[in-house]
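# Inside the fold
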Amino acid sequence: PNSTLTDARTRQPMNATSAVARAVAIAVTRGDFVITAQELAELQAADGATSLGDVLQTIVECVKAHARPPTSGFNVGAAALGASGAVYLGVNVELNAVPLNHSIHAEQFALVTAMASDERKIVMISTTAAPCGHCRQFMNELRDASELRCVMPSGSWTLAELLPHSFGPLDLLDETSASREGLLLEERSSNVRDGVTVWDMRACISGDGIPEDAVPRRVDEILESNASLRALTEQSHSAFAKAYAPYSKSPAGICARTSCGEEFRGWSLESAAYNPSMSPFQCLTARMVARGKDLASIERVVLTELHGAPVKYECTVRLALAQVAPNAHLIVVNYHDAQ
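Report on the accompanying structure.

About the criteria used
- Residues numbered from 1 in each chain as written.
- Predicted model: local features only at pLDDT ≥ 70, side-chain atom pairs only at ≥ 80, totals over all residues.
- Heavy atoms only, no water.
- Salt bridge = Lys/Arg side-chain N within 4 Å of Asp/Glu carboxyl O.
- Helix = DSSP H or I, 4+ residues; strand = E, 2+ residues; numbered from the N terminus.
- 1 Å grid on protein atoms, 1.4 Å probe; cavity = no way out; pocket = protein on both sides within 12 Å on 5 of 7 lines; lining within 4 Å.
- Points joined across faces, edges and corners; volume = space filled by probe spheres on them.
- Pairing = 2+ DSSP bridges.
- Contact = heavy atoms within 4.5 Å.
- Axes fitted to C-alpha atoms, helices over the stretch in contact; angles between N-to-C directions.
- Buried < 20%, exposed > 50% of the residue type's maximum accessible area, 1.4 Å probe, protein only.
- Phe/Tyr/Trp six-rings, centres within 6.5 Å; stacked < 30°, edge-to-face > 60°.
- Lys NZ or Arg CZ within 6 Å of the ring centre and 35° of its normal.
- Expected span 1.5 Å × (residues − 1).

Moving on to the pattern of salt bridges. When their charged atoms lie close together, side chains carrying opposite charge are able to pair. This structure, assessed with the given rule, holds 19 salt bridges. With a closest N to O distance of 4.0 Å, arginine 218 and aspartate 220 form a salt bridge. Connected via shared salt-bridge partners are Asp200, Arg218, Asp220 and Arg230.

A few words now on unusual backbone geometry. Phi is positive for aspartate 144, which is not a glycine, with a value near 60°. Residue position: aspartate 144 is located in the loop between α5 (133-139) and β5 (149-152). Of note, tyrosine 274 is a non-glycine position whose phi angle comes to about 70°, a positive value. Within the fold, tyrosine 274 resides in the loop between β10 (263-267) and α11 (280-290).

Enumeration according to the criterion identifies 1 cavity of 30 Å³ or more in this entry. Looking at the largest cavity, its volume works out to about 40 Å³. Lining the largest cavity we find Ala203, Cys204, Ile205, Pro211, Asp213, Val215, Arg217 and Ile222. Top contributing element to the lining of the largest cavity by residue count: strand β7 (residues 202-206), with 3 residues.

Below, the discussion takes up the sheet that holds β5. Spatial strand order, β1-β3-β2-β4-β5-β6: 6 strands in an open sheet with mixed pairing. At either end of the open sheet lies a strand with only one pairing partner, and these are β1 (34-35) and β6 (155-158). Pairing geometry for strand β2 (residues 77-82) and strand β3 (residues 87-91), over 5 bridges, is antiparallel. When the sheet's bridge partners are listed, leucine 81 is paired in β3 with valine 87. In the packing of helix α3 (residues 52-63) onto the sheet, the strands contacted are β1, β2, β3, β4 (122-127) and β5, and the crossing angle to β2 comes to about 140°.

Time to look at the sheet that holds strand β11 (residues 298-306). One open sheet holds the 6 strands; their spatial order is β8-β7-β12-β11-β9-β10, and the pairing between them is mixed. Only two strands of the sheet have a single neighbouring strand rather than two, namely β8 (217-218) and β10. Two elements, β7 and strand β12 (residues 329-335), share 4 bridges in a ladder whose sense is antiparallel. Looking at the pairing, alanine 203 lines up with tyrosine 335 of β12. The strands touched by α11 within the sheet are β9 (253-258), β10 and β11, with β10 carrying the most contacts at an inclination of about 140°. Against the sheet, helix α12 (residues 314-324) makes contact with β9, β11 and β12, and its axis sits at roughly 170° relative to β12, the strand it touches most.

Among the structural elements, glutamine 137 can be located in helix α5. Residue classification places glutamine 137 among the buried positions, given a relative accessible area of 11%.

Time to look at the pairing of β3. Within β3, 5 of the 5 residues are buried, which leaves it mostly tucked inside the rest of the structure. Neither face of β3 is left uncovered, since the one carrying Val87, Leu89 and Val91 and the one carrying Tyr88 and Gly90 both have all their residues buried. Connecting β2 to the next strand, β3, in antiparallel fashion are 4 residues, including glycine 85 with a positive phi near 100°.

This part takes up the packing of aromatic side chains. Following the criterion strictly, the structure yields 2 aromatic pairs and no others. For the ring pair phenylalanine 240 and tyrosine 335, a centre distance of 5.2 Å and an interplane angle of 85° mean the geometry is edge-to-face. Here phenylalanine 240, found in helix α10 (residues 227-242), pairs with tyrosine 335, found in strand β12; they are 95 residues apart in sequence, far enough to count as distant. Given the relative accessible area of 1%, tyrosine 335 is considered buried. The side chain of arginine 230 reaches across the aromatic face of tryptophan 199, ending 4.0 Å from its centre. Note that lysine 242 overlies the ring of tryptophan 267, its terminal NZ or CZ placed 5.4 Å from the centroid.

For α10, spanning 16 residues, the distance from its first C-alpha to its last is 23 Å, which sits close to the expected 22 Å at 1.5 Å a residue. Those residues of α10 that sit buried are Leu229, Arg230, Leu232, Thr233, Ser236, His237, Ala239 and Phe240. On its buried side, α10 packs onto α9 (219-222), β9, β10, β11 and β12.

So this is what it looks like as structure tokens:
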């Protein structure tokens, strides 16, 4: 793409606000919702008098136009600065005729964007409005969350100042477990045993015409002749492996294929306070919105979760699909031996 600092038509230098708007437009057009470290450095250089917090505030004002809030009509934008120097964008998303707890907050969206890009640490987050309590609690899953700098139109505070006397991961996990397994965004052990592929897993699979069988069998055997479903199942398995579920030990992953043949993944993300947790379908929604896709285009979905897990997502995925993509086919893979 053209430089974020040059007008494509006139080739003349752009002012700082126009440069930010163009950088956001490029990130949205690319479909990754990411402003790279180099692009951010160029934006800062465009106006040396502008602080990083001010640049992020301009970014969120631009990106909020891409929010999808049919219920509230209140657009929110977020921009999370990673330790890598990249900026991860987010917007709020609401689903029509679906309970409000299926909504995605802009801060959550931004952290999903960061996780999809394998960012390991967020050092600053900017929003168009003060983060709600739900988002402050969700951001508390990050390592050193108390030091996270939160920038908004009214000022800048640390998360510890916005969420004093907080409840967080170390109230449910011991320090050894948190360090060994990793917190949100950190590199952590997979939810699947080392060396085990999706085809080695024993599971019961149901939906989309697959004969139901109460006896678990190897996934490779069940889907032996279904090449299309094998590809979706493999992607859902990789999302399952990526899930963050340190509290319930109930990881889940999802992959959806659209009418255009594109595939999108999502994974469960838990919060120590439980309610701010994100379902795999919410993460999937964020990834589709980042690519500018309509959820109604979903045709086939594979959800992967654990047999007998204390937290299951099939019911909530079915509820959402019934409203946003009623003709979509859902296949559920229940692993019997992931760990």
